Amino acid sequence: MKHSVPSPPLEAVYRALLGEFGPQHWWPGRTRLEICVGAILTQNTAWTNVERAIRSLRHARALNLETLHAAPLAQLAEWIRPAGCFNVKARRLRAFTALVADRFGGELDKLLALPAAELRPMLLAVHGIGPETADNIVLYAAQQPVFVVDAYARRFLHRHGWMGLRATYNEVAELFTARLPPDAQLFNEYHALIVALGKTYCRPRPLCDKCPLAAAGMKPEQRNLKRET
Ligand code: SF4
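Values in this document were obtained by computation on a predicted structure and should not be read as measured data.

Chemist: It is not clear to me how the overall build of the protein chain should be interpreted in this structure. Could you clarify?
Modeler: Looking only at helices and strands, the protein chain features 14 helices and 0 strands. Each helix and strand of the protein chain, placed in order from N terminus to C terminus, yields the pattern α-α-α-α-α-α-α-α-α-α-α-α-α-α. For the protein chain, whose C-alpha radius of gyration is 19 Å, the value lies close to the compact-globule estimate of 17 Å for 229 residues. With the C-alpha coordinates aligned to their principal axes, the bounding extent of the protein chain is approximately 55 × 35 × 30 Å.

Chemist: Looking at this structure, I do not really get the nonpolar core. What am I missing?
Modeler: One recurring pattern in soluble globular proteins: nonpolar side chains tend to sit buried together. Cys36, Leu76, Ile80 and Ile137 are the most contacted members of the largest nonpolar core, which has 61 residues in total. The element best represented in this core is helix α2 (residues 32-41), accounting for 7 residues. Those residues in contact with Ile137, other than ones at most four positions away along the chain, are Cys36, Ala39, Leu123 and Ala142.

Chemist: Would you mind going over the site of the ligand with me for this structure?
Modeler: Taken together, 13 residues surround the ligand, and among them Cys202, Pro206, Cys208, Cys211 and Pro220 come closest. At the level of secondary structure, the elements contributing two or more residues to the shell around the ligand comprise α10 (151-159) and α13 (212-215). Classifying every residue of the shell around the ligand by side-chain character gives 11 nonpolar, 1 polar and 1 charged.

Chemist: Could you clarify how one ought to interpret the environment of Gln144 in this entry?
Modeler: Structurally, Gln144 is set in the loop between α9 (131-141) and α10. Between the alpha carbons of Gln144 and Met163 there is a distance of 25 Å; along the sequence they are 19 residues apart. When near neighbours in sequence (up to four residues on either side) are disregarded, Gln144 contacts Ala116, Val138, Leu139 and Ala184.

Chemist: Got a minute to help me understand the packing of α10 against helix α12 (residues 184-200) in this structure?
Modeler: Relative orientation and spacing of two packed helices are given, respectively, by the angle between their axes and the distance between those axes. At a minimum axis separation of 9 Å, α10 and α12 run at an interaxial angle of 70 degrees. Taken together, the axis directions place α10 and α12 in an arrangement best described as roughly perpendicular. Of the residues in α12, those touching α10 at Tyr152, Ala153, Arg155 and Phe156 are Ile194, Val195, Leu197 and Gly198. Across the contact of α10 with α12, the residue classes break down as 6 nonpolar, 1 polar and 1 charged.

Chemist: Whenever I open this one, the domain arrangement of the protein chain confuses me. Can you help?
Modeler: In many analyses, interface size is given as the accessible surface area lost on bringing the parts together. The domains assigned to the protein chain are domain 1 (10-24 + 148-225) and domain 2 (32-141). Taking only C-alpha atoms into account, the centre of domain 1 sits 27 Å from that of domain 2. Counting residues per element, the side of domain 1 that touches domain 2 draws most heavily on α12, which supplies 3 residues. Of the residues that constitute the side of domain 1 that touches domain 2, the class distribution is 5 nonpolar, 1 polar and 1 charged.

Chemist: Would you mind showing me how to read the environment of Leu225 here?
Modeler: Mapped onto the elements, Leu225 comes out in helix α14 (residues 222-225). Residue Leu225 is classed as partly exposed on the basis of its C-beta count, with 14 C-beta atoms lying within 10 Å. Between the C-alpha atom of Leu225 and that of Asn170, which follows or precedes it by 55 residues, the distance is 23 Å. Here Leu225 is in contact with Arg159, Pro206 and Pro220, once residues within four sequence places are set aside.

Chemist: What should I look at first to understand α12 in this one?
Modeler: Quick reminder: α-helices carry 3.6 residues per turn. Residues three or four places apart thus point the same way. Along its 17 residues, α12 runs 24 Å from first to last C-alpha, staying within 8% of the 24 Å computed at 1.5 Å per residue. The complete set of buried residues in α12 reads Phe187, Asn188, Glu189, Tyr190, His191, Ala192, Leu193, Ile194 and Leu197. Packed against the buried residues of α12 are α1 (10-21), α9, α10 and α11 (169-177).

Cut-offs and rules
- Residues numbered from 1 in each chain as written.
- Predicted model: local features only at pLDDT ≥ 70, side-chain atom pairs only at ≥ 80, totals over all residues.
- Helix = DSSP H or I, 4+ residues; strand = E, 2+ residues; numbered from the N terminus.
- Rg over C-alpha atoms; globule rule 2.2 N^0.38 Å.
- Core = buried A, V, L, I, M, F, W, Y, C linked by C-beta atoms within 7 Å.
- Buried ≥ 20, exposed ≤ 12 C-beta atoms within 10 Å, placed from the backbone.
- Contact = placed C-beta atoms within 7 Å.
- Near = placed C-beta within 6 Å.
- Nonpolar A, V, L, I, M, F, W, Y, C, P; charged D, E, K, R; others polar.
- Axes fitted to C-alpha atoms, helices over the stretch in contact; angles between N-to-C directions.
- Parallel < 35°, antiparallel > 145°, perpendicular 65-115°, else oblique.
- Domains from an automatic or database assignment.
- Expected span 1.5 Å × (residues − 1).

Okay, structure coming up:
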């Protein structure tokens, strides 16, 4: 049986986070291709490792679709080695470049011009691209309003009793998309602020006494603080 949980006060959360951290200016990438590459490489690794892998690609003059698609897989894996799981991620990158090369004549802009309702399932059909990666690409590279759900979002939502432990990816995303205007810039900033919250205060060991949500009167559920999501 499903238990209902209270809805998060989305505007109050946003105000508190924006007041604390200010605008985040995401995604950290110079081009749309770099954003897509970063979104694929960031799976299961810290962003600093992704930055090193991107620098390695740039140094090799490989940060363009033609080279990424034509290079031998072993070479691609070597370039992105700092991102970890480099053989797996090289295959994922290659699957993504194959989509662009084979179906869009190598023109990334054509893929990203698809409406989110077409783009998202197309990305999800690519080997190794799951909902979070697909949504990072749709939101940050294609600038279309989908909400990115990550472990940071799940953690603070659950700790406050705003999300059940078994909520699916889509259920968590709908907490935001059903109650916020479909504004890519808003979703961009909101997601980036949640990441800042998760890295600064809502860590595995939470720092509630310093956190802007607690300061704004949003107290976590004590019993949920003891359980990892
Ligand atoms: S008050 Fe505590 S549980 Fe809530 S978001 Fe802040 S650190 Fe996390």
